[in-house]
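Chain residues, written in single-letter form:
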Amino acid sequence: MNGPGPIAPALLAWFRQNARVLPFRQDPTPYHIWVSEIMLQQTRVAAALEHYRRFMAALPDIPALAACPDEELFKLWEGLGYYSRARNLKKAAQLVCTEYGGQLPASYEELQKLPGIGEYTAGAITSIAFGLPAPAVDGNVLRVFARLYNDESNIADPATKRLFTRRVTEQQPNDAPGPFNEALMELGALVCLPGGAPLCGQCPLAGQCLARAAGTQLELPVKTPPKPRRVQPVTVLVVRRENRCLLQQRPDTGLLAGLWQPFLFEEALDEGEALARLADLGLSVGTAPPRPLKAAKHIFSHVEWRMSGWEVTAEGDAPAGCVWATAEEAAGRYALPGAFKAYRPLLTGGR
């Protein structure tokens, strides 16, 4: 397939004029690029920025991250979701401290040996932070190149990603690998948009884009439709005792591992069944009638939680794996995943 010709000159000129001012771009150390790229997986830039600033203020370097207690780390990550990213950051930081003297290795291959760092993140760190040639191919770049080359190959196919990675490598200038990779990401984020019409009138590569010339840009990229998510009913109980609420820690493995939540059952229960379950756990429900909670849902990558339940008062010791927490503790100490944002004000007093 014929290509669009060299794209770096026009792309880099556009990037110099249109690049967003972002804190990790202003100080692109290996640590800053690493943390920012992990945060931006599955998270929009606007949503990640305040988390990034707070994270860096608390954990300014790799040794600080390696030594951070899990509870504090999860609290810093609160609201970003996909908490396995935070766990892998800490595991990798500990390995970097023991194996690399506390500094990330300036090697595309060595970086990929660290937990949570795949080809894309390794390429971003290598090129942006160290200025060394390496491809960084994420969903934005796959979309841009599918349209540039008018390629109908399925971008979910590993062979397609390998082909596109070779094309990125061929196009990447050796004297500006980092700006080139950032420019491709920026173009995909701001102009060559997903899920709708690309802004071809604003694209510096419009004259070279084979899909635009063929009129097929809306049909690309081609990718496998996602599998339907499993729907999981969840019964939530906001259990109060005086000025405290019952928080429940999730198991160490699986979905939202180790994080805190309102007391719940991952099944559909009616009011009587839910209160009976509490009684079985040694919690005596008061005489005040339970108040229905508003229904809510949360979508994970593979499952959709549909939540409903009741706010109740109860007496008794906290069951195993639970604590009675004040609103201040729920807001400031315990990491509450975004899955429960509909109920967070009831647990934190609006904090």
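Criteria and cut-off values
Residues numbered from 1 in each chain as written. Predicted model: local features only at pLDDT ≥ 70, side-chain atom pairs only at ≥ 80, totals over all residues. Heavy atoms only, no water. Helix = DSSP H or I, 4+ residues; strand = E, 2+ residues; numbered from the N terminus. Buried < 20%, exposed > 50% of the residue type's maximum accessible area, 1.4 Å probe, protein only. Areas by Shrake-Rupley, 256 points an atom, 1.4 Å probe, with all protein chains shown as cover. Lys, Arg positive; Asp, Glu negative; His and termini not counted. Charge placed at Lys NZ, Arg CZ, Asp CG, Glu CD. Phe/Tyr/Trp six-rings, centres within 6.5 Å; stacked < 30°, edge-to-face > 60°. Lys NZ or Arg CZ within 6 Å of the ring centre and 35° of its normal. Pairing = 2+ DSSP bridges. Expected span 1.5 Å × (residues − 1). Contact = heavy atoms within 4.5 Å. Core = buried A, V, L, I, M, F, W, Y, C linked by side-chain atoms within 4.5 Å. Axes fitted to C-alpha atoms, helices over the stretch in contact; angles between N-to-C directions. Parallel < 35°, antiparallel > 145°, perpendicular 65-115°, else oblique. Left-handed = near helix turned anticlockwise from the far one by under 90°. Polar contact = N/O pair within 3.5 Å; in protein donor to acceptor, adjacent residues only side chain to side chain. Arc of directions from axis to C-beta.

J.: Where do I start with the overall build of the chain in this structure?
T.: Looking only at helices and strands, the chain features 16 helices and seven strands. Along the three orthogonal principal directions, the C-alpha set of the chain runs to about 75 × 50 × 35 Å. The proportion of buried residues among the 351 residues of the chain is 49%. Counting only carbon and sulfur atoms, one obtains 52% of the accessible surface of the chain, whose full area is about 16,600 Å². Put simply, the chain has 36 plus and 35 minus side-chain charges, and the middle of one group is 5 Å from the middle of the other.

J.: Even after reading the chapter, I still don't get the packing of aromatic side chains, so can you show me in this structure?
T.: One pair of aromatic rings is described through two measures. These are the centre distance and the angle between the planes. The final tally for this structure, using the stated rule, is nine aromatic pairs. Centroid distance F24 to Y52: 5.4 Å. Interplanar angle 80°. Geometry classified as edge-to-face. You can see F24 sitting in helix 2 (residues 23-26) and its partner Y52 sitting in helix 4 (residues 45-58), a full 28 residues away along the chain. A residue is classified by how much of its surface remains accessible, and F24, at 6% relative accessible area, is buried. Considering the side-chain rings of F74 and Y83, the 6.2 Å spacing of their centres and the 85° angle between planes classify their relative orientation as edge-to-face. Taking the relative accessible area as the measure of exposure, F74 reaches 6% and is therefore buried. What makes Y83 buried here is its relative accessible area of 3%. The structure contains a cluster of three or more aromatic residues connected by ring pairs, namely F300, W305 and F340. Its end group placed over the ring of Y149, R167 keeps NZ or CZ at 4.3 Å from the ring centre. Against the face of F265 rests R277, its NZ or CZ located 5.2 Å from the ring centre.

J.: Even after reading the chapter, I still don't get the pairing of strand 2 (residues 244-249), so can you show me in this structure?
T.: Regular strands show a simple pattern: their side chains alternate between the two faces of the sheet. As paired strands, strand 1 (residues 230-241) and strand 2 are joined by two bridges and run antiparallel to one another. Paired with R241 across the strands is R244, a residue of strand 2. In textbook terms, the turn of a hairpin is the stretch between consecutive antiparallel strands, and for strand 1 and strand 2 this stretch comprises two residues, one of which, E242, has a positive phi near 55°. Bridging between strand 2 and strand 3 (residues 260-265) involves three bridges; their strand directions are antiparallel. Among the inter-strand pairings, Q249 is bridged to a residue of strand 3, identified as W260.

J.: Would you take a moment to explain helix 12 (residues 177-190) for this structure?
T.: If you check helix 12, its first and last C-alpha atoms are 20 Å apart, about what 14 residues at 1.5 Å a residue would give, namely 20 Å. Burial analysis of helix 12 places eleven of its 14 residues in the buried class, which makes it a mostly covered element. If you check which residues of helix 12 are buried, you get P177, G178, F180, N181, E182, A183, L184, M185, E186, L187 and G188. Of the surrounding elements, those touching the buried residues of helix 12 are helix 1 (8-18), helix 2, helix 3 (30-40), helix 9 (119-129), helix 10 (139-148) and helix 11 (158-171).

J.: Quick question: what am I supposed to make of the nonpolar core here?
T.: Here is a general trend for soluble globular proteins: nonpolar side chains tend to be buried in one another's company. By size, the foremost hydrophobic cluster in this structure holds 98 residues, and its most contacted members are W34, F55 and F145. Setting aside its immediate chain neighbours within four residues, F55 contacts Y31, V35, M39, L65, L73, L76, W77 and L89. Membership of the second largest hydrophobic core comes to 14 residues, among which are F263, L269, L283 and W324.

J.: Would you mind showing me how to read the packing of helix 3 against helix 7 (residues 84-99) here?
T.: Between two packed helices, what matters for the description is the angle formed by their axes and the separation of those axes. In the contact formed by helix 3 and helix 7, the axes pass within 10 Å of each other and the chain directions differ by 160°. By the criterion of interaxial angle, the relationship of helix 3 to helix 7 is roughly antiparallel. The way helix 3 lies across helix 7 gives a crossing that is right-handed. Contacts between helix 3 and helix 7 pair W34, V35, I38, M39 and L40 from the former with R85, L89, A92 and A93 from the latter.

J.: Would you take a moment to explain the environment of Q41 for this structure?
T.: By the secondary structure assignment, Q41 is in the loop between helix 3 and helix 4. Sequence-wise, Q41 and R85 are 44 residues apart; in three dimensions their C-alpha atoms are separated by 8.7 Å. Apart from the residues lying within four places of it in its own chain, the contact partners of Q41 are R85, G116 and T121. In terms of polar contacts, Q41 uses its side chain to reach the side chain of T121, at 3.1 Å.

J.: Whenever I open this one, helix 1 confuses me. Can you help?
T.: The α-helix winds at 3.6 residues per turn, so residues separated by three or four positions along the chain end up facing the same way. Considered for burial, the residues of helix 1 that qualify are A8, L11, L12, W14 and F15. Projection of helix 1 onto a plane perpendicular to its axis shows the buried side chains occupying an angular sector of 160°, all on one side. Helix 1 presents P9, R16 and Q17 as exposed residues on the side facing more than 90 degrees away from its buried surface. On its buried face, helix 1 is in contact with helix 2, helix 11 and helix 12.

J.: Would you explain unusual backbone geometry in this entry?
T.: Most peptide bonds are trans, and most residues other than glycine sit at a negative phi. Cis geometry is adopted by the peptide bond preceding P221, which originates at L220 and carries an omega value of 5°. You can see P221 is positioned in the loop between helix 13 (210-214) and strand 1. You will see that Q42, though not glycine, has its phi angle at about 65°, which is positive. As for its position among the elements, Q42 is in the loop between helix 3 and helix 4. Given the relative accessible area of 62%, Q42 is considered exposed. The phi dihedral of L256 falls on the positive side, at around 55°, and the residue is not glycine. Structurally, L256 is set in the loop between strand 2 and strand 3.

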